[in-house]
Amino acid sequence: MAAVEVSRLSFTYAAADAPALKGVDLSIADGEFCSIIGANGAGKTTLCSAIRGFVPQFHKGELTGTVTIGGKDIAQTSIGDLAREIGFVFQNPFTQMSGIARTVFDELAFGLGNLGVPPAEIRERVEEMLETARIAEFRDRDPFALSGGQQQRVALASMLIMGQDTLVIDEPTSQLDPASTDEVFALIGAMKDAGRTIVLVEHKMEHVATYSDTVVLLHEGRVVLTGPPSEVFGDARTTEHGTRLPPAVLLARALRERGVDLPELPLSVAELTRAVRELLGEDASA
Amino acid sequence: MSATETIRSGNRVRDLNPATQVLGCLVLAVVALLFGLVSMAAVVVVCFVLAAAAGRFVAFVSTWAKTVLVLSLVIVALQTMFIPGEEVWWEWGPLSATGEGFRRGTLFASRIMGAATPLVLLVQLVDLRRLVLEMERRGISPKVTYVFVATVNIIPQMRDRMGVIMDAQRARGVETDANWWVRIKAFFPTIGPLIISSIVGVEEKAITLEARGFTATGPRTSLYSIQDTGVDRVLRVGAWVLLAVVVVGRVVLWLR
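A quick note: this is a predicted structure, and the numbers were derived from the prediction, not measured.

### Thoughts on the interface of chain A and chain B
Between chain A and chain B, the contact holds 42 residues from the first and 36 residues from the second. Where chain A abuts chain B, roughly 3100 Å² becomes buried across the two surfaces, and 56% of that area is made up of carbon and sulfur atoms. For the interface between chain A and chain B, the tally reads 3 salt bridges. In this structure, Arg212 of chain B and Glu107 of chain A form a salt bridge, with 2.8 Å as the shortest nitrogen-oxygen distance. Among the secondary structure elements, those contributing two or more residues to the side of chain A that touches chain B are helix H3 (104–114), helix H4 (119–132) and helix H5 (148–160) of chain A. Ranked by residue count, the leading element in the side of chain A that touches chain B is H3 of chain A, at 9 residues. Within the side of chain A that touches chain B, the residues separate by chemical class into 22 nonpolar, 13 polar and 7 charged.

### Section: the domain arrangement of chain B
Along its sequence, chain B is carved into domain 1 (11–126) and domain 2 (141–211). The C-alpha centroid of domain 2 of chain B is placed 32 Å from the C-alpha centroid of domain 1 of chain B.

### Side note on the sheet that holds strand E6 (residues 86–89) of chain A
Residue and element names in this part refer to chain A. Strand order in the open sheet formed by 6 strands is E6-E7-E8-E3-E9-E10, with mixed pairing between adjacent strands. Each of the sheet's edge strands pairs with one partner strand only, and the pair in question is E6 and strand E10 (222–227). Taking the axes of each pair of neighbouring strands and ignoring which way they run, one obtains an average angle of 15° across the sheet. Pairing between E6 and strand E7 (residues 166–170): 4 bridges, direction parallel. Bridge pairing in E7 places Gly87 opposite Leu167. The sheet strands contacting helix H6 (residues 178–193) are strand E3 (33–37), E7 and strand E8 (197–201), and the helix crosses E8 at an angle near 150°.

### Focus: the state of the cysteines
By definition, a disulfide links the sulfur atoms of two cysteine residues through a covalent bond. Overall, the coordinates contain 0 disulfides over all chains when judged by the stated rule. Free cysteine: Cys34 of chain A, not disulfide-bonded; nearest cysteine sulfur from Cys48 of chain A at 9.4 Å. Looking at Cys34 of chain A, the relative accessible area reads 1%, which means it is buried. The cysteine Cys25 of chain B is free of any disulfide, with Cys47 of chain B supplying the nearest cysteine sulfur at 6.4 Å. Residue classification places Cys25 of chain B among the buried positions, given a relative accessible area of 4%.

So, how was this worked out
- Residues numbered from 1 in each chain as written.
- Chains lettered and ligands numbered in written order.
- Predicted model: local features only at pLDDT ≥ 70, side-chain atom pairs only at ≥ 80, totals over all residues.
- Heavy atoms only, no water.
- Contact = heavy atoms within 4.5 Å.
- Buried area = accessible area lost by both parts, 1.4 Å probe.
- Salt bridge = Lys/Arg side-chain N within 4 Å of Asp/Glu carboxyl O.
- Helix = DSSP H or I, 4+ residues; strand = E, 2+ residues; numbered from the N terminus.
- Nonpolar A, V, L, I, M, F, W, Y, C, P; charged D, E, K, R; others polar.
- Domains from an automatic or database assignment.
- Pairing = 2+ DSSP bridges.
- Axes fitted to C-alpha atoms, helices over the stretch in contact; angles between N-to-C directions.
- Disulfide = S-S within 2.5 Å.
- Buried < 20%, exposed > 50% of the residue type's maximum accessible area, 1.4 Å probe, protein only.

Written out as structure tokens, the structure is:
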């Protein structure tokens, strides 16, 4: 059974002239890391909101089609109870703090308390997540006194701790510097390794290419391409629809135009370096 | 350590149950309001003693002086200058200080001081987390307590955001630091973005709460608890008795 199944999903926001999503079909397998890419206004955030159930229960409008999470139609579940099934992280770290926790420890505990998890288990899970997210040094700090990157890690940890099988993450690094971006992706990658299903919207294509099992290209509310990163980033339609390519793919294309025969499309600078070294007869593992 | 931590400060006054603290301060305020200057003075003295016993004397006096005392002095000064009367102390242009105005201002200010001093004390005594736990224990909806806590916490957050907006406006050439006229002109370019960003922030905060299971059905749990001791119960009964006595006493005095 697919973890997330989107079927013929169309949505028009109340007071909008045109639909934000037009007949989207998408199937995400259990444990899959699926990235959604596309230009601004392509419908990425609306699709995330629809998968999490905020569309149309929170953002009003006209919706047709269905979204199921683990076989359960989310239209039949309240958005509060969906917190047990699916996590949601978005771009602004500041507004993702609960606003009532005095410390990072309490911030992480907030969601578990809402779900009625026994206090002893809350403490155990918070301690574990502080280590996993590498935020133990902030445990007694006020969440609002942290930097944007630190806050985003706390926001992500506050969601991951709730233990949902599926996580929807909408542009988590858009306000972060490169080092914080790497830390956030390392954490998301760890969740994928732990078997969680990840739905990610992201503009940093090198990270998308490195971490994703599947990439979905959206354009004007429709799915244009779906496939493994090498397939999607190797397709000319990706750039035609206003999406940037990972730097390694751009470099590889330039090399191919100059007659360098790269056997596979490298998705990261590390892969490209390895491929070029092999072509030059150097030890690629050095 | 037990999984549920009892929140304690180690001070007997501050560790009283928040319901006891709230009721005690409200009864003090009522006592000050129902009787004259003497009861007001007594209530203020009691508040100073309780603040000292709570280990909050300096913070209490500082807040009290900046708010209640200043407000009371302003009331006395304005009433003295603007209430007309026969007993004129001195005149300065259109202003005249009168004995009638001073007495009326003193009475009015004493009531303000009597009612507000216990509230300033309450702010010093009550721990917000403990108050929320007690409110929820008494059956108040977590949605109400969330709004209560978030409202208290939002003030420093909005002050920080205001600083960021002012920096952005300065970067665009809007003058924000100079005389009062310049500051008034800078008010609208800063307050507009603050309100709009706050509205957007409220929507995102609501999404955050939904994502964190705030409206999920079923019982909640907490890492913290508070005590409601025999001393608390005795003090609350005493406070209710005192309240009944002063209300009845006041009614009797009015009827005589």
